[in-house]
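Topology and contacts: notes
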Amino acid sequence: MSPSITDLAAGQEIGSRTVEVTRTDLVKYAGASGDFNPIHWNEAFATGVELPGVIAHGMFTMGSAVQLVTDWAGDPAAVVDFQTRFTKPVLVTDTTGTAEPGATIEVSGTIGKLDAEAGTARVDLTVTAAGQKVLMKAQAVVKLS
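Residues numbered from 1 in each chain as written. Predicted model: local features only at pLDDT ≥ 70, side-chain atom pairs only at ≥ 80, totals over all residues. Heavy atoms only, no water.

The name given to the protein in an unreviewed UniProt entry is MaoC domain protein dehydratase, with the source organism recorded as Pseudarthrobacter chlorophenolicus. The UniProt entry for the protein carries this comment under Sequence similarities (unreviewed entry): "Belongs to the enoyl-CoA hydratase/isomerase family." (UniProt positions renumbered as here; feature names shortened; annotations may be inferred.)

Next comes the structure, spelled out in structure tokens:
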């Protein structure tokens, strides 16, 4: 069930989620998105272009973050806008053969602004990995009933 704008207030938390990422996840995402850039799966290539190692796709990170909002809204189509700035890459270490994730993305959301006339809520997301903000000004606008 979709949240009602009358039950919300600026500053209210909508929740949080933890996303564990492996290099296998990145390969699967590459297949689904068609983005086979080797910086997302090949350690030697990534370090050869002066990255600290294999990094997650930016759109993978964005999609992982906005999932918190779509779950909260109860309908992915309720998200009518989503914007962000990339500030740091998500480094995904090789944990192949273990049960450990190569990276962990932490996402939390707060109501930033309500527009009763438009029937929308702006959700401000905080997205971190390895203790650093990886997305800045991550904001989703949700159409509410």
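For the rest of this paragraph, the subject is the pairing of strand β5 (residues 132-143). Across six bridges, strand β2 (residues 79-86) lies against β5 in antiparallel orientation. Residue pairing for β5: Phe-86 is matched across the bridge by Leu-135. Relative to β5, strand β4 (residues 120-129) is paired through nine bridges, and the arrangement is antiparallel. For Leu-125, the partnering residue across the bridge sits in β5 and is Ala-138. Between the antiparallel neighbours β4 and β5 lie two residues, among them Ala-130 with a positive phi of about 50 degrees. (Pairing = 2+ DSSP bridges. Helix = DSSP H or I, 4+ residues; strand = E, 2+ residues; numbered from the N terminus.)

Within the largest apolar cluster, 36 residues are counted, with the highest numbers of intra-cluster contacts made by Val-69, Trp-72, Leu-125 and Val-142. Going through the elements one at a time, β1 (13-21), α3 (58-73), β2, β3 (103-115), β4 and β5 are the ones with two or more residues in this core. Sorting elements by how many residues they give to this core places α3 first, with eight residues. (Core = buried A, V, L, I, M, F, W, Y, C linked by side-chain atoms within 4.5 Å. Buried < 20%, exposed > 50% of the residue type's maximum accessible area, 1.4 Å probe, protein only.)

Attention now goes to the pattern of salt bridges. Evaluated as defined, the whole model comprises two salt bridges. Between Arg-122 and Asp-124 there is a salt bridge, with the nearest N and O atoms lying 2.7 Å from each other. For Asp-124, a relative accessible area of 23% gives the class partly exposed. (Salt bridge = Lys/Arg side-chain N within 4 Å of Asp/Glu carboxyl O.)

Within the structure shown, the criterion is met by one aromatic pair. Where Tyr-29 meets Phe-60, the ring centres are 5.5 Å apart and the plane angle is 80 degrees; that geometry is what we call edge-to-face. Taken together, the residues span a long stretch of sequence, with Tyr-29 in helix α1 (residues 23-33) and Phe-60 in helix α3 at a distance of 31 residues. Judged by relative accessible area, Tyr-29 falls into the partly exposed class, the value being 24%. We classify Phe-60 as buried; its relative accessible area is 12%. (Phe/Tyr/Trp six-rings, centres within 6.5 Å; stacked < 30°, edge-to-face > 60°.)

According to UniProt, the positions carrying the feature "domain: MaoC-like" (unreviewed entry) are residues 11-98. When the span residues 11-98 is considered, its composition is 38% helix and 19% strand, and the gap between its end C-alpha atoms is 39 Å.

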